[in-house]
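Take a look at the letters that make up each chain.
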Amino acid sequence: MKFRLAAAAAFLLFVALPAVSRAAAPAPVVTRNGGVTTITQLDASAPLLHIVYVVRAGLDRQSLSQNGLAALTAQTILKTPVNGVALQNAIAAAGGSISFAVDPGDVRFEIESLPQDADKIVALVRTAFGAPVFDAATVRAARDRLTTRIAEDQQIALQVGMDMLSSTLAPSANTGLPQYGLPASLAQLGPTDVRTFFATFYRRGGSYVSAAGRIDALSAGALDQLGAMLPEGTTAAIDVKFPKLEGSSRQLVAQRDISAPWLIAQYSAPNVASKDFGPMLVLASFMQRTLADMADVPGVVSETYASRAVGAVYQYENPQPDLVLYVNGGIGNPNRSFSTALSIASILATTKLEGSIDEFKAMASGDFISATNTLEARAWLAVVYDENGAQPDYLSRTLDAISQTTAADLQRVARSYLSNPTIALVLPRENS
Amino acid sequence: MIRRALFAAALAAMLAPLATLAADESASGSLPHGGTYTLTRDTTLASAAVDVWFRAPDAGYDNSQPGISRVAATAAAASTLESGKSLVSLVRGVGGRITINVYPDLVDVSASVPASAARRVVAAMSAAYFSPTIDDDALKIARTDVAVLSAQERFSPDDLLHDALFAQLFTSGPAHYAPIPGDLSDFKSITLDQVKAFAKRAFRSANATIALAGNVDVSLLDAVTAGTPGSADSPIASSVASAPADKTIDAAVTGEGLAWTGPPIADERAATALDFVADYLFRDETGLVSKQLDPTGDAYVNGQFITLHDPGVMLVTIGGSKPNEVKAKVLAAVTAMQTPLDTASFDAAREAFIYHLAADSQSPSQQADNLGWYTAEGNGTYAPSDSASSYWKAARSLDPAYVASIVKKYLAHPVVVRLVATPSKDSTS
């Protein structure tokens, strides 16, 4: 154990590396009109067009008794028949895809198409949003799909743990609810609820249309028309306060049908507009690589199950950002790996760092650059940065933030954030 | 005069790779010191993929050393270069990731790095492979690496079935052997001299294709300083079994696999038709068979047509506690494809297939992988990651009757391998 920690600390002594150069991509172009923010990033060599469409109809628009209504509404739109075929299937048959995610503050539709089919697919989306079908059969089909997705998610221990932890940071009780709801709560929701939710919250105000890739394949004005397909107006979140739970424990425990326990630690973390963002990216990359190195067989070149069973995720895109460390107990002695992970976090916060941190910074830059390779990521990151009050040229801003990080910044951020984690344990059921 | 002409021709050949590309273009040509390159660029990205591909038999040139290709490729990546660092540590140090993929007839070393580091990685990769200096330390690392991967694969139905099905379909040649051997007894006896001899022959620059994607430029290839001109090996053949037999294997996990030999890479339309079939039936979430499975259960199915020089292989692997039930669905669906789909269903499925092609080749790593694989298998202009390639023309030319005829021709009688779980034992037949 000591040797491994020493090896991790030795990373601090690597030589300086040259700065990371930037892509030649123009910065994202932002326009605002009637409450709709449109962001475009043309990539003429991309094979596809990707559009992220964000509506302020997420978890914070639900009351506690409406758990799952935001997802049910979005899923019902995807099930809405267009020319006799559900929107999702119609888009697939036309050379594209549509999916959605429910976030604490919004619902996010991901629309993608081949360039030559872009106009056709955007037209299908507008048709469904313009006249969504909220009859009993369509809502039932949507509910069935969501129930299946919930069951699928419950098999993913890391997802279960992260869902539990996200609720601990939620400023309002409804934003900590599971994104798809629960089967029992969905069963209480019907066409009237969905119709009312759509009519109330599907408004232009605060929405985003963020497109990346082959924007040139769209007809002029197509994105503006997409942004204008909902009625005007803005909506407000429903604030649901619960009295704080009394107690000193910071552990959450759940049991699921899984084969091995998972241990997950959560620290609060800065958002993308914070001066601490760059240093936290560097810390997260360091934690990720160090944990993987510790879990793996020494000297092995290939990525192995063991190295993938541990990790660190900095969820800066969340309204309440966090840094999550996780260990899959299937790799042997999870307690040892987990306590080592927590020890590293503690050491970083308390021990003076010496030597160059350039190797850490290179890792952070490489990880971020790698995360921006897909059109979906590029379109979504531009929204995240704009929402947080930062300019949406996420790439240069982030690489600058990493480049300017000093050892003192790293220590300050470690000290500010890496203490008193909340722990989630996802355990196998006793009979499994 | 003749000398001058030769000199001019040589100069032109050397200058060809240095030609300037427009902002977003594809190119291919010769490396400065032997070998070829293929490149696609997207200057809006900040990353680059640098791959090097070789035609190399996984069990050695006399098929007597299973695993030697993998161990040689790994040892070369782990060897200390003149800079004092290995290729692996260089790539990781610049914030990148390196992956070594070994197939029966190919080796691929793939690095995904910030674009600013691409030149250094090209230089290190070409030094590590075109003039390998493998020593005992590097070999030790490579042996450990292969041993760990071999142990992992014992719990992967997909990997076990893939290797076992190929062993049944091919009676000899590299395709008969697993790139990562399950039984390490022979592997342990491979010597340093054997590894060095294999690397020297397989990793010649003349036998290499460098595939670049992302924010890259042909000028990066100036960094290739090692290598010797010569000719590349031909695609490596394996002998196809005339009547492959089914097999049951004791394993640590359950599973069932089916395989059929298919058309060669040169028969572009037929190969594309079987890609379409795999997409239509087996793609995760949208495939006809995939959608029939209980998403909350443990059953899963993977299906793909593996485009190879000759022949290709249609491979379906099934995992979960009741693979036999899934196999029945697979066979029913494949049989049904012998009847042409109605036009509307076919048109929708073909458009979805073409979309999936594009969606699956977005990142530089995916593009370099795609370009390198198809070039090394002998048909680089057919790589589907390039929407201007002959692949896309073939995809658009598909029609219901043709696809049904290809299914009837190639997918009639699969060879079947069953994994029966006996956790405490090694695999036996």
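Residues numbered from 1 in each chain as written. Chains lettered and ligands numbered in written order. Predicted model: local features only at pLDDT ≥ 70, side-chain atom pairs only at ≥ 80, totals over all residues.

## Side note on the overall build of chain A
Scanning chain A for helices and strands turns up 16 helices and 13 strands. The C-alpha atoms of chain A give a radius of gyration of 23 Å, which matches the 22 Å a tight globule of 432 residues would have. When the backbone C-alpha atoms are referred to their principal axes, chain A occupies close to 65 × 55 × 40 Å. Considering chain A as a whole, with its 432 residues, one finds that 51% of them fall into the buried category. (Helix = DSSP H or I, 4+ residues; strand = E, 2+ residues; numbered from the N terminus. Rg over C-alpha atoms; globule rule 2.2 N^0.38 Å. Buried ≥ 20, exposed ≤ 12 C-beta atoms within 10 Å, placed from the backbone.)

## Focus: the confidence of the model for chain B
All names here are of chain B. Overall, the predicted model of chain B reaches an average pLDDT of 91, with 93% of residues at or above 70. Every residue in residues 1-20 is under pLDDT 50, and counting partners more than four places away or in other chains gives 14 contacts. Scored below 50 in pLDDT, residues 425-429 makes eight contacts in the model with residues more than four places away or belonging to other chains. Here the prediction assigns the complex a pTM of 0.90, and the interface score ipTM is 0.89. (pLDDT = per-residue confidence, 0-100. Contact = placed C-beta atoms within 7 Å.)

## Some points on the nonpolar core
With 270 residues, the main nonpolar core has B:Ala75, B:Ala77, B:Val121, B:Met125 and B:Leu212 as its most contacted residues. If you tally residues by element for this core, the top one is helix H10 (residues 277-295) of chain A, at eleven residues. With near-sequence residues (within four places) excluded, B:Leu212 lies in contact with B:Tyr37, B:Leu39, B:Ala48, B:Ala49, B:Val50, B:Leu220 and B:Ala368. (Core = buried A, V, L, I, M, F, W, Y, C linked by C-beta atoms within 7 Å.)

## With respect to the interface of chain A and chain B
Contact residues are listed per partner, giving 44 residues for chain A and 43 residues for chain B. Breaking the side of chain A that touches chain B down by element, the ones donating at least two residues are helix H3 (87-93), helix H5 (136-154) and helix H13 (358-371) of chain A. The leading source of residues in the side of chain A that touches chain B is H13(A), at eight residues. Looking at the side of chain A that touches chain B, its residues break down into 24 nonpolar, 14 polar and six charged. (Nonpolar A, V, L, I, M, F, W, Y, C, P; charged D, E, K, R; others polar.)

## Side note on the sheet that holds strand E11 (residues 300-306) of chain B
Residues and elements named next belong to chain B. Across the sheet, five strands lie side by side as E9-E13-E10-E12-E11; this open sheet has mixed pairing. Strand pairing shows two members of the sheet lacking a second neighbour, strand E9 (247-251) and E11, which therefore form its edges. In this sheet, neighbouring strand axes are inclined to one another by 15° on average, regardless of whether the strands run parallel or antiparallel. Bridge count for strand E10 (residues 255-261) against strand E12 (residues 313-319) is six bridges, and the pairing is antiparallel. Bridged to Thr-261 within E12 is Val-313. Most of the contacts of helix H6 (residues 157-169) go to strand E13 (residues 415-421), to which it runs at about 140°, and overall it touches E9, E10, E11, E12 and E13. (Pairing = 2+ DSSP bridges. Axes fitted to C-alpha atoms, helices over the stretch in contact; angles between N-to-C directions.)

## Comments concerning the domain arrangement of chain A
A common way to express how large an interface is: the accessible area buried when the components associate. Residue and element names in this part refer to chain A. Split by domain assignment, chain A resolves into domain 1 (2-23 + 247-428) and domain 2 (34-227). Measuring from the centre of the C-alpha atoms in domain 1 to the corresponding centre in domain 2 gives 29 Å. Taken together, the 26 residues of domain 1 in the interface contact 30 residues of domain 2. For the side of domain 1 that touches domain 2, the elements supplying multiple residues, two or more each, are strand E9 (251-256), strand E10 (262-268), strand E12 (322-328), helix H14 (375-387) and strand E13 (422-428). Residues belonging to the side of domain 1 that touches domain 2 are distributed by class as follows: 16 nonpolar, four polar and six charged. (Domains from an automatic or database assignment.)

## Let's talk about the sheet that holds strand E7 (residues 107-113) of chain A
Note on sheets: strands pair through backbone hydrogen bonds, and any given pair is parallel or antiparallel. All names here are of chain A. If you walk across this open sheet you meet the six strands as E1-E2-E8-E3-E7-E6, and the pairing is mixed. Sheet topology places strand E1 (29-33) and strand E6 (96-102) at the edges, where each strand pairs with a single neighbour. Across the sheet, the axes of successive neighbouring strands diverge by a mean angle of 15°, strand direction being ignored. On the sheet, H14 packs against E1, strand E2 (36-42), strand E3 (49-55), E7 and strand E8 (207-213) and is oriented at approximately 145° with respect to E8.

## Points about the domain arrangement of chain B
Residue and element names in this part refer to chain B. Annotation of chain B at the domain level lists domain 1 (22-223) and domain 2 (246-421). Between domain 1 and domain 2, the C-alpha centre-to-centre distance is 26 Å. No other element matches the nine residues that H6 contributes to the side of domain 1 that touches domain 2. For the side of domain 1 that touches domain 2, the residue count by class is 15 nonpolar, eleven polar and five charged.

## Notes on the environment of A:Val313
All names here are of chain A. When you line up the elements, Val-313 lands in strand E11 (residues 310-315). On the neighbour-count criterion, Val-313 (17 C-beta atoms within 10 Å) is partly exposed. Placed 25 residues apart in sequence, Val-313 and Gln-288 show a C-alpha to C-alpha distance of 7.6 Å.

## Digging into the environment of B:Arg269
Residue and element names in this part refer to chain B. With respect to the helices and strands, the residue Arg-269 is situated in helix H8 (residues 268-282). When the C-alpha positions of Arg-269 and Pro-132 are compared, they lie 40 Å apart, and in sequence the two are 137 residues distant. Among all residues touching Arg-269, those that are not within four sequence positions of it are Ala-394 and Ser-397.

## What about the pairing of E12(A)?
Side-chain direction in a regular strand flips from residue to residue, so the side chains alternate between the two faces of the sheet. Residues and elements named next belong to chain A. Most of E12 is tucked away, with seven of its seven residues classed as buried. Neither face of E12 is open: one carries Asp-322, Val-324, Tyr-326 and Asn-328, the other Leu-323, Leu-325 and Val-327, and all of them are buried. Pairing analysis gives six bridges linking E11 to E12, with the strands arranged antiparallel. Paired with Gln-315 across the two strands is Asp-322, which belongs to E12.

## So, helix H14 (residues 400-410) of chain B
Residues and elements named next belong to chain B. Three or more residues of H14 are buried, namely Val-403, Ile-406, Val-407 and Tyr-410. All buried residues of H14 lie within an arc of 100° about the axis, which places them on one face of the element. Looking at the packing, one finds that the buried side of H14 touches E10, H8, E12 and helix H10 (323-336). (Arc of directions from axis to C-beta.)

## Description of unusual backbone geometry
With an omega of -5°, the peptide bond running from B:Asp310 to B:Pro311 counts as cis. Mapped onto the secondary structure, B:Pro311 falls in the loop between E11 and E12. At A:Asn83, a position not held by glycine, the phi torsion is positive, near 55°. With respect to the element layout, A:Asn83 can be found in the loop between strand E4 (81-82) and strand E5 (85-86). You can call A:Asn83 exposed: it has 8 C-beta atoms within 10 Å. Its identity as a non-glycine residue notwithstanding, B:Glu285 has a phi of 75°, on the positive side. Inspection of the secondary structure assignment puts B:Glu285 in the loop between H8 and helix H9 (288-292). Overall, B:Glu285 belongs to the exposed group, with 9 C-beta atoms counted inside 10 Å.

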